[in-house]
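As a plain string of letters, each chain reads:
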Amino acid sequence: MQTTTLSALHKRLLNDFQRDFPLSPTPYRDIAEQLGVSEAAVLAAFAELDRQQLISRIGPIIPPNHIGASTLVAMAIPAEQLQAVADKISAFPEVNHNYEREHRLNLWFVAVASSQEHLQAVIATIEQATGFAALQLPLVDDFFIDLGFKLDLQHA
Amino acid sequence: MPDTRDLELLAHISGGLPLCPRPYAQIGLQIGMDEAEVISRLGALKTQGLIKRLGVIVKHRPLGYRANAMVVWDVPDAHIKQLGGQISQFSFVTLCYQRPRHSEWPYNLYCMIHGKDRATVLAQLAQLNQACELGDFARQILFSRRCFKQRGAVYQAPPTTVTANG
């Protein structure tokens, strides 16, 4: 993993705009004015953060149980097949997070679809394509959803 | 409830806001919606809680937060709301959910802990266990290894039906 030196502008863009991104016609200019830099500097800095893969995107966090249907899925995959199976699963546009975790159930992903029928069709296709059973763990209740994260970037 | 136009808008913005001077106008162009309507609909979706937050979504790992554990407990259903509420108060917890138990996976309370390293995450978990009196419940700690994919949910629009499920 490369060590990245972040400028003061990069750090403020990472930490100060995780919530309440300006809902105005010119959000990047608003941020620029707030930070005392030019709009071009803000756009260039975000592009650089994106290029270095330090940000996933600027966008909405949508709680899982209000729109469409989604579920967390766990699978137990033999280590030597894990990468290949994970790649197959990641290729589905309905899959958005896909992680290896330390457990017998070692592959964990989230699938999202516009309807429960569509979701179940996707899970069935994944089981068929990989030959492994999918344990579905849909949300029952959310107590807390990622409301942003205060990063300690002192040494970044 | 969101209407079809809201879902179309969410489908087009979930991949990320473009980096250009008028990003909301640009999103609107793709779905035939003017800039003012894009902005007012996004504002309304936030107010309704259908957008939990709108902003920069960081990648924790390359920023030095290398350790991430999903911790699950089997707690009595009668106490889960109270425990979930308590766990959510800790700043290192980024998610806290209830999910159904299965015969081969008898856990119902989930939380995600991010830290700079494994030892930090384990110390934070010990703190949680003590403060929320979780020590007696069966639990599992699943540290993440490889991240194969991380991106926003893509809602295929327009949907035929909307099911309240998660």
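Residues numbered from 1 in each chain as written. Chains lettered and ligands numbered in written order. Predicted model: local features only at pLDDT ≥ 70, side-chain atom pairs only at ≥ 80, totals over all residues.

## With respect to the overall build of chain A
The criterion, for reference: Only runs of H or I of at least four residues qualify as helices and only runs of E of at least two qualify as strands under DSSP, and these elements are numbered from the N terminus. As a reference, a globule follows 2.2 Å times the number of residues to the power 0.38, and the radius of gyration itself is taken over C-alpha atoms. Residues with at least 20 neighbouring C-beta atoms inside 10 Å of their own are called buried, those with 12 or fewer are called exposed, and the rest are partly exposed, where every C-beta is derived from the backbone. Contact definition: two residues whose C-beta atoms, as placed from backbone geometry, lie within 7 Å.
Per the secondary structure count, chain A includes five helices and six strands. N-terminal to C-terminal, the α/β element order of chain A is α-α-α-β-β-α-β-β-α-β-β. Taken over C-alpha atoms, the radius of gyration comes to 19 Å for chain A, far larger than the 15 Å a tight globule of 156 residues would show. Taken over the C-alpha atoms alone, chain A extends approximately 55 × 35 × 25 Å along its principal axes. For chain A, buried positions account for 35% of its 156 residues. Considering only intrachain contacts with a sequence separation of at least 6, the fraction spanning at least 24 residues in chain A is 64%.

## Side note on the interface of chain A and chain B
We count it as follows: Polar here means any residue other than Ala, Val, Leu, Ile, Met, Phe, Trp, Tyr, Cys and Pro, which are nonpolar, and Asp, Glu, Lys and Arg, which are charged; Gly is therefore polar. By the convention used here, strands pair only if DSSP detects at least 2 bridges between them.
Contacts between the two partners involve 73 residues from chain A and, on the opposite side, 72 residues from chain B. Within the side of chain A that touches chain B, the residues separate by chemical class into 43 nonpolar, 18 polar and twelve charged. Sheet analysis places strand β1 (residues 55-61) of chain A next to strand β1 (residues 53-58) of chain B, joined by six bridges and oriented antiparallel. Residue pairing for β1(B): A:I61 is matched across the bridge by B:R53.

## Digging into the domain arrangement of chain B
Rules: Just so you know, the domain bounds were taken from an automatic or database domain assignment.
Looking at the assigned domains, one finds that chain B contains domain 1 (4-47) and domain 2 (61-143). Averaged C-alpha coordinates put domain 1 of chain B and domain 2 of chain B at centres separated by 35 Å.

## Some words on unusual backbone geometry
If you check the backbone angles, A:D20 has positive phi at about 50° while not being a glycine. According to the C-beta neighbour criterion, A:D20 is exposed, with 12 such atoms within 10 Å. The backbone of B:E133 shows a phi angle near 50°, a positive value even though the residue is not glycine.

## Digging into the domain arrangement of chain A
The domains assigned to chain A are domain 1 (8-51) and domain 2 (69-137). Averaged C-alpha coordinates put domain 1 of chain A and domain 2 of chain A at centres separated by 35 Å.

## Considerations on the packing of helix α4 (residues 82-90) of chain A against helix α5 (residues 116-130) of chain A
For any two helices packed against each other, the geometry is given by the interaxial angle and the distance between the axes. All names here are of chain A. Selection criterion: All axes are obtained by fitting lines to C-alpha atoms, using only the stretch in contact for helices, and the reported angles, taken between N-to-C directions, cover 0 to 180 degrees. Should an angle fall under 35 degrees it is taken as roughly parallel, and over 145 as roughly antiparallel, whereas 65 to 115 is taken as roughly perpendicular and any remaining angle as oblique. By convention, the crossing between two helices is left-handed when the near helix turns anticlockwise from the far helix through less than a right angle, and right-handed when the turn is clockwise.
Put simply, α4 and α5 touch, their axes get as near as 10 Å, and they point 150° apart. Here α4 is positioned roughly antiparallel relative to α5, judged by the angle of their axes. By crossing handedness, the relation of α4 to α5 is classed as right-handed. Facing α4, whose interface residues are V85, K88 and I89, α5 presents I126, A129 and T130. The residue inventory of the contact of α4 with α5, partitioned by class, reads four nonpolar, one polar and one charged.

## Side note on the sheet that holds strand β2 (residues 67-73) of chain B
Taken in spatial order, the nine strands make up an open sheet running β5(A)-β2(A)-β4(A)-β3(A)-β5(B)-β2(B)-β4(B)-β3(B)-β6(A), and their pairing is antiparallel. Of all the strands in the sheet, just β5 (135-137) and β6 (141-144) of chain A have a single pairing partner and so form its edges. Geometrically, the sheet is characterised by an average inter-axis angle of 30° between neighbouring strands, direction not taken into account. For β2(B) and strand β5 (residues 139-150) of chain B, the ladder comprises five bridges, and the chain directions are antiparallel. Each bridged residue has a counterpart across the sheet, and for B:V71 the counterpart in β5(B) is B:I141. Sheet strands touched by α4(A): β3 (95-101) and β4 (107-113) of chain A together with β5 of chain B. Its angle to β3(A), the strand with the most contacts, is close to 165°. Across the sheet, helix α4 (residues 80-87) of chain B is in contact with β6 of chain A together with β3 (93-98) and β4 (109-115) of chain B; its angle to β3(B) comes to roughly 170°.

## Focus on the nonpolar core
The criterion, for reference: Take the buried Ala, Val, Leu, Ile, Met, Phe, Trp, Tyr and Cys residues, join any whose C-beta atoms are within 7 Å, and the set you get is a nonpolar core.
A:L13, A:L49, B:L10, B:V56 and B:V58 are the most contacted members of the largest nonpolar core, which has 33 residues in total. Taken together, the elements giving at least two residues each to this core come down to α1 (8-16), α2 (27-35), α3 (39-51) and β1 of chain A together with α1 (4-13), α2 (23-31), α3 (35-47) and β1 of chain B. For this core, the leading source of residues is α1(B), giving five residues. Formed by 23 residues, the second largest nonpolar core is a distinct cluster that contains A:V73, A:M75, A:V95 and A:A113.

## Let's talk about the environment of B:F90
Residues and elements named next belong to chain B. Mapped onto the secondary structure, F90 falls in the loop between α4 and β3. Using a count of 17 C-beta atoms within 10 Å as the deciding quantity, one classes F90 as partly exposed. Distance in space between the C-alpha atoms of F90 and I113 is 9.5 Å, their sequence separation being 23 residues.

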